[in-house]
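Here are the chains, one letter per residue:
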Amino acid sequence: MKILNRVANKQLTPAMRKQFEMVEPATIGHHLHYGFMDCRIRSMLQDVKVVGTAFTVKTNSNDSTMVHKAVSLAQEGDVIVIDRTGDTKHACVGEMVVYAANTRKVAGIIIDGPCTDIQALREIGLPVFATRLSPITTKLYGISGEINTTIQCGGVAVKPGDFIIADDNGVLVLPQDLNYQSILEKAELSERNEPKFKQMLDAGKTLSSMTKADQLIALYDEEFKENER
């Protein structure tokens, strides 16, 4: 069993965090092609938004000891990200874990595996992302586990302190070596342009004429005809 110190994200300022709260992961998906967790990890609640730094946990199939410890160590604004090491049967997060996390003002919990107690989770309201629900829970064995080490969650490597953005559409992990400001500027520009594009569509413009679609199709046709000669 291994417990390392919490890692702060030095690049992420309070002002930048607030800016990212206004940006959807799907908008960033127009400009970034990696860091997105597998879509099987989905929000258990509706209309949620999570922005925070990763507090990582790794635990084996039926031992939740380190999950309980992580919830006790996490700080306000942390996102607890749990690597279930392939287990798809046991729920390591339920009512009491979520309740405890909520008292510590944790931003959310993300699990590469199932959770349980969905009715209670809806009442508490803390965003929880998981693969599915399960009535079979983990136990406290104290066998193994790690806190604040590099883990795998949803097919993405997650390091302590990485920036997490998640909503109903999915989960995005931004490593600390990325240029957050550049990503933010591109995403904000895309979102500012959306109302203008909608107005153009309402006025009769076609989507393909507003994007590169028509140009790409024309280029393909030209190359195809050239190859036929």
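Here is a short report on the structure shown in this document.

Basis of the calculations
Residues numbered from 1 in each chain as written. Predicted model: local features only at pLDDT ≥ 70, side-chain atom pairs only at ≥ 80, totals over all residues. Heavy atoms only, no water. Buried < 20%, exposed > 50% of the residue type's maximum accessible area, 1.4 Å probe, protein only. Helix = DSSP H or I, 4+ residues; strand = E, 2+ residues; numbered from the N terminus. Arc of directions from axis to C-beta. Contact = heavy atoms within 4.5 Å. Pairing = 2+ DSSP bridges. Phe/Tyr/Trp six-rings, centres within 6.5 Å; stacked < 30°, edge-to-face > 60°. Core = buried A, V, L, I, M, F, W, Y, C linked by side-chain atoms within 4.5 Å. Polar contact = N/O pair within 3.5 Å; in protein donor to acceptor, adjacent residues only side chain to side chain.

1. Notes on helix α3 (residues 65-73)
Next, step 1: Turning to α3, its buried residues are Met-66, Val-67, Ala-70 and Val-71. An end-on view of α3 places all buried positions within 140° of arc, on one side of the element.
Next, step 2: The elements touched by buried residues of α3 are β1 (2-3), β3 (49-58), β4 (78-83), α4 (95-103) and β7 (146-147).

2. Describing the pairing of β3
Successive side chains on a regular strand alternate, one facing one side of the sheet and the next facing the other.
Next, step 1: Of all ten residues in β3, eight are buried, a share of seventy percent or more.
Next, step 2: Relative to β4, β3 is paired through six bridges, and the arrangement is parallel. Within β4, the position partnered with Ala-54 by the bridge is Val-79.

3. Observations concerning the packing of aromatic side chains
Here a ring pair, both rings aromatic, is described through the centre-centre distance and the interplanar angle of the planes.
Next, step 1: Following the criterion strictly, the structure yields three aromatic pairs and no others.
Next, step 2: Taking the centre distance of 4.9 Å and the plane angle of 70° together, the rings of Phe-20 and Phe-163 count as edge-to-face. With Phe-20 in helix α1 (residues 14-21) and Phe-163 in strand β10 (residues 163-167), this pair connects stretches of sequence that are 143 residues apart.
Next, step 3: Owing to a relative accessible area of 0%, Phe-20 belongs among the buried residues under this scheme.
Next, step 4: Using a relative accessible area of 0% as the deciding quantity, one classes Phe-163 as buried.
Next, step 5: Aromatic side chains Phe-163 and Tyr-180 sit 5.6 Å apart centroid to centroid with 40° between the ring planes, which places their arrangement in the tilted category. Of this pair, Phe-163 sits in strand β10 while Tyr-180 sits in helix α6 (residues 180-202), placing them 17 residues apart in sequence.

4. Some remarks on the pairing of β10
Next, step 1: Most of β10 sits inside the fold, with five of its five residues counted as buried.
Next, step 2: For β3 and β10, the ladder comprises five bridges, and the chain directions are antiparallel. Pairing of Lys-49 across the sheet is with Asp-167, part of β10.
Next, step 3: Bridge count between β10 and strand β11 (residues 170-174): five bridges; the pairing is antiparallel. Bridging from a neighbouring strand, Phe-163 pairs with Leu-174 of β11.

5. Here we look at the nonpolar core
Next, step 1: In this structure, Ile-80, Ile-82, Val-93, Ile-109, Ile-111, Cys-115 and Val-128 are the most contacted members of the largest nonpolar core, which totals 25 residues.
Next, step 2: Of all elements in the fold, only β3, α3, β4, α4, β5 (108-111), α5 (118-124) and β6 (128-130) reach the threshold of two or more residues within this core.
Next, step 3: For this core, the element with the highest residue contribution is α3, accounting for four residues.
Next, step 4: Aside from chain neighbours lying at most four places away, what touches Ile-111 is Ile-41, Ile-82, Arg-84, Cys-92, Val-93, Val-128, Phe-129, Ala-130, Thr-131 and Cys-153.
Next, step 5: Leu-45, Val-79, Val-81 and Ala-166 belong to the second largest nonpolar core, which has 19 residues in total.

6. With respect to the environment of Asp-112
Next, step 1: Position of Asp-112 among the secondary structure elements: in the loop between β5 and α5.
Next, step 2: Separated by 30 residues in sequence, Asp-112 and Ile-82 have C-alpha atoms that sit 6.3 Å apart.
Next, step 3: With residues near it in sequence (within four places) discarded, Asp-112 still touches Arg-40, Ile-41, Ile-82, Arg-84, Asp-87, Thr-131, Gln-152, Cys-153, Gly-154 and Gly-155.
Next, step 4: One polar contact links the side chain of Asp-112 to the main-chain amide nitrogen of Gly-154, over a distance of 2.8 Å.

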